[in-house]
Amino acid sequence: MDHLETPAVHRLLTSPAGRLLTSRPFEAFKTRSLPREFGAVRARAAADVALSEGPEAYLREVGAPPAPHLHDRIERALAQYARLRGAYDETMERWERVFWGDEESTPDERVAVERERREVSERRAKPTDIFGFLPKEHLVPPVKFETPSPEDARTRWHHELAEPERLYGFAESSAAEEFPRVERSATVRGPGTVEYLLRFRSPSPHLSDRATARVYEPADATDADLPTLVFHSGWGTFDDQLTYWPEEEYVGRALAPEGYRVVLPDAPWHGRRELLGRYSGEPYIASAPVGLFTLYSAAALETAVLTDWARTEGAPVVGVGGVSLGGTVALHVGGRCGDWPESMHPDLLFPAGMPGAIDQTLLAGGLTKLLDIDDALDAAGWTGAALHEFAPLLNPPKDPCLAPERVFPLVGTRDEMAPASTARALLDEWGVPRPNRREWDCGHFGVLANLIRDESFRTTVRRELDAAARNRRNRESVTA
């Protein structure tokens, strides 16, 4: 029987040749390349809303200066992209019918449709061959900013600043039956896995879309009482819109065949939740700092729904983790869940490559200058003091809502994008035991490379999920 396969690039990254990814030269190269990479996807996102309006209007939508000398090339690129987007729309219509509609299909047919969707989706999401010339030959910004002023933000969010639980909590009147109903798609076979999608109305009052997540379970599972990990990706990732999604391989397809369930959510504005005219994750940066805490709060509440869903499926324990932005989401879950219904509380936390103080990271993190976030904040009037005012919404709380010995963090000692010093300071405040902490001698991209290549993270997840599941079953047998 046919099934989805692990991409060759993942096998290369986990081979001896993949050691290059953890080196200082590669870290420097990857960091320098970010503005151009995001410039190319900014050019694509603009094409989605200005496809037939001509080169001048298109460049305005990109946020780039006029470039009459490039008009002919831009027209050809837009025409080429129009054909690609037409193929993408046609593929997605069929995919929706097969996985969410009532179209009859065999397991092999679903594998074929999913393969086709990923291939055309990747070409649409990152068409560097079509738009790559623009950031190389012209001034294309990596982000089209819409930064609010501090005054507007204070006016809009003054209640939440006084009571952060308004942003990070469920309404007191919410009964269990009012929580979003979680829908499940048809399944597709993976490499030792059964995979499907979940969707539900986001519980955040500040978003109007559906939350989505991809689930991985053992192909030979006979029951649903699987220890479960909900794991969030980093900023700007395209998730399963690409043929290679690192978290899918080093977490989902690595752990599921061994008897675990892994849930990989799409963060707000990412992956399947990309907004028209924006690339995956762009609104998070474009409207900083408001975009940051809007995403953190929504993702935290959506994680609560997924945690509750996993328990209704029979999960004896649920861990929550993530890398980079996803690690920050995990810290917010661990620090904000105290007022949530008990079924939404995680048993364990596995944050990786995350800062501990977002207000400080916005001021001095490596991404700030690289993507011109500092200029956008300065132009809108954001000072260090103004950012610190919003620390109650931006930063994870200084006290965890679960026992600190159930937190297992991982940081890169040379990480400048998610400054390790701020992570250490928060973990100290939380009282996370030193033996629970792992530090790698690497930068931010080295953390991801090591998560892909190093077995120690997965070993920790397996050990702690299994131990927590045993403890719960022992307690239940004593009280039975």
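So, how was this worked out
- Residues numbered from 1 in each chain as written.
- Predicted model: local features only at pLDDT ≥ 70, side-chain atom pairs only at ≥ 80, totals over all residues.
- Heavy atoms only, no water.
- Helix = DSSP H or I, 4+ residues; strand = E, 2+ residues; numbered from the N terminus.
- Buried < 20%, exposed > 50% of the residue type's maximum accessible area, 1.4 Å probe, protein only.
- Contact = heavy atoms within 4.5 Å.
- Areas by Shrake-Rupley, 256 points an atom, 1.4 Å probe, with all protein chains shown as cover.
- Lys, Arg positive; Asp, Glu negative; His and termini not counted.
- Charge placed at Lys NZ, Arg CZ, Asp CG, Glu CD.
- Arc of directions from axis to C-beta.
- Axes fitted to C-alpha atoms, helices over the stretch in contact; angles between N-to-C directions.
- Parallel < 35°, antiparallel > 145°, perpendicular 65-115°, else oblique.
- Left-handed = near helix turned anticlockwise from the far one by under 90°.
- Core = buried A, V, L, I, M, F, W, Y, C linked by side-chain atoms within 4.5 Å.
- Domains from an automatic or database assignment.
- Buried area = accessible area lost by both parts, 1.4 Å probe.
- Salt bridge = Lys/Arg side-chain N within 4 Å of Asp/Glu carboxyl O.
- Polar contact = N/O pair within 3.5 Å; in protein donor to acceptor, adjacent residues only side chain to side chain.
- Nonpolar A, V, L, I, M, F, W, Y, C, P; charged D, E, K, R; others polar.
- Phe/Tyr/Trp six-rings, centres within 6.5 Å; stacked < 30°, edge-to-face > 60°.
- Lys NZ or Arg CZ within 6 Å of the ring centre and 35° of its normal.
- Expected span 1.5 Å × (residues − 1).

## Quick notes on the overall build of the chain
And then number 1: Across its full length, the chain holds 21 helices and ten strands.
And then number 2: If one aligns the C-alpha atoms of the chain with their principal axes, the spans along those axes are about 75 × 60 × 50 Å.
And then number 3: By the burial criterion, 57% of the 480 residues in the chain qualify as buried.
And then number 4: Nonlocal contacts in the chain, meaning residues at least 24 apart in sequence, comprise 80% of its contacts between residues at least 6 apart.
And then number 5: As presented, the chain carries roughly 19900 Å² of accessible surface, and 51% of it is formed by carbon and sulfur atoms.
And then number 6: Charge separation in the chain, taken as the distance between the mean sites of 57 positive and 75 negative side-chain charges, equals 4 Å.

## Observations concerning helix α16 (residues 373-380)
And then number 1: What α16 keeps buried is the set I373, D374, A376, L377 and A380. Angular distribution of buried residues about the axis of α16 spans 165°; they occupy a single face of the element. Of the exposed residues in α16, the ones pointing more than 90 degrees away from its buried face are D378 and A379.
And then number 2: Of the surrounding secondary structure, the elements contacted by the buried residues of α16 are α8 (150-162), α11 (282-286), α14 (358-364), α15 (366-370) and α17 (384-389).
And then number 3: G381 sits one or two positions beyond α16 and adopts a positive phi of about 95°.

## Overview of the packing of helix α2 (residues 24-47) against helix α3 (residues 54-62)
And then number 1: It is at 8 Å that the axes of α2 and α3 come closest, and there the two elements cross at 125°. One way to sum up the angle between α2 and α3 is to call them oblique. In this structure, α2 crosses over α3, and the sense of that crossing is right-handed. On α3, the residues that touch R42, A43, R44, A46 and A47 of α2 are Y58, E61 and V62.

## Quick look at the nonpolar core
Nonpolar side chains tend to gather and get buried jointly when the protein is soluble and globular.
And then number 1: Counting residues in each nonpolar core, the largest one holds 81 residues, and the members touching the most others are W235, Y284, F293, L295, Y296 and W340.
And then number 2: Top contributing element to this core by residue count: helix α12 (residues 290-312), with 14 residues.
And then number 3: Counting residues domain by domain, this core receives three or more from each of domain 1 (20-137) and domain 2 (150-479).
And then number 4: With near-sequence residues (within four places) excluded, W340 lies in contact with Y168, G169, F170, A300, L301, A304, V333 and H345.

## Quick notes on the domain arrangement of the chain
And then number 1: Each assigned domain of the chain is listed here: domain 1 (20-137) and domain 2 (150-479).
And then number 2: A separation of 26 Å is found between the C-alpha centroids of domain 1 and domain 2.
And then number 3: Between domain 1 and domain 2 the total buried area reaches about 3200 Å² when both faces are included, carbon and sulfur atoms providing 60% of it.
And then number 4: Connecting domain 1 to domain 2 are seven salt bridges.
And then number 5: The partner of R42 in a salt bridge is E282, and the shortest N-O contact between them spans 2.8 Å.
And then number 6: Our count for the domain 1 to domain 2 interface comes out at 16 residue pairs in polar contact (both at pLDDT 80 or more).
And then number 7: Elements represented by at least two residues in the side of domain 1 that touches domain 2 include exactly α2, α4 (71-99) and α5 (107-125).
And then number 8: With twelve residues, α5 is the single largest residue contributor to the side of domain 1 that touches domain 2.
And then number 9: Within the side of domain 1 that touches domain 2, the residues separate by chemical class into 15 nonpolar, three polar and 16 charged.

## Overview of the packing of aromatic side chains
And then number 1: Counted by the stated rule, this structure contains 14 aromatic pairs.
And then number 2: For the ring pair W157 and F293, a centre distance of 5.0 Å and an interplane angle of 85° mean the geometry is edge-to-face. Note that W157 is positioned in helix α8 and F293 in helix α12, a separation of 136 residues in sequence. Exposure class is identical for W157 and F293. Each is buried.
And then number 3: Three or more aromatic residues link up through ring pairs in this structure, and these residues are W157, F293, W382 and F390.
And then number 4: A cation over an aromatic ring shows up here: K30 above the ring of F445, its NZ or CZ 5.9 Å from the ring centre.
And then number 5: Over the ring of Y88 we find R124, and its NZ or CZ is 4.8 Å from the ring centre.

## Examining the environment of V98
And then number 1: Note on placement: V98 falls in helix α4.
And then number 2: For V98, a relative accessible area of 5% gives the class buried.
And then number 3: The spatial distance from the C-alpha of V98 to the C-alpha of L255 is 27 Å, given a sequence separation of 157 residues.
And then number 4: Each residue touching V98, except ones within four places of it in the same chain, is listed here: E103, S105, R110, V113 and A186.

## What to know about the pattern of salt bridges
And then number 1: Here the structure, examined in full by the defined rule, presents 48 salt bridges.
And then number 2: Its salt-bridge partner being E248, residue R253 comes within 3.5 Å of it at the nearest N-O pair.
And then number 3: With a shortest N-O distance of 2.8 Å, E464 and R463 are connected by a salt bridge.
And then number 4: One salt-bridge network, held together by shared partners, links E114, R117, R118, E195, R214, D240, E248, E249, R253 and R272.

## Overview of α2
What sets the pattern is the α-helix's 3.6 residues per turn: residues three or four places apart point alike.
And then number 1: The end-to-end C-alpha distance of α2, which contains 24 residues, comes to 36 Å, matching closely the 34 Å that a straight helix rising 1.5 Å per residue would cover.
And then number 2: A side-chain oxygen of the first residue of α2 lies 3.3 Å from the backbone nitrogen of F26; this N-cap is S23.

## Observations concerning the packing of helix α10 (residues 246-255) against helix α20 (residues 444-453)
And then number 1: Their axes nearest at 9 Å, the elements α10 and α20 cross at an angle of 40°. What the angle tells us is that α10 and α20 run oblique. For α10 against α20, the interelement crossing comes out left-handed. Between α10 and α20, the residues in contact are P246, E247 and Y250 and L448, L451 and I452, respectively.

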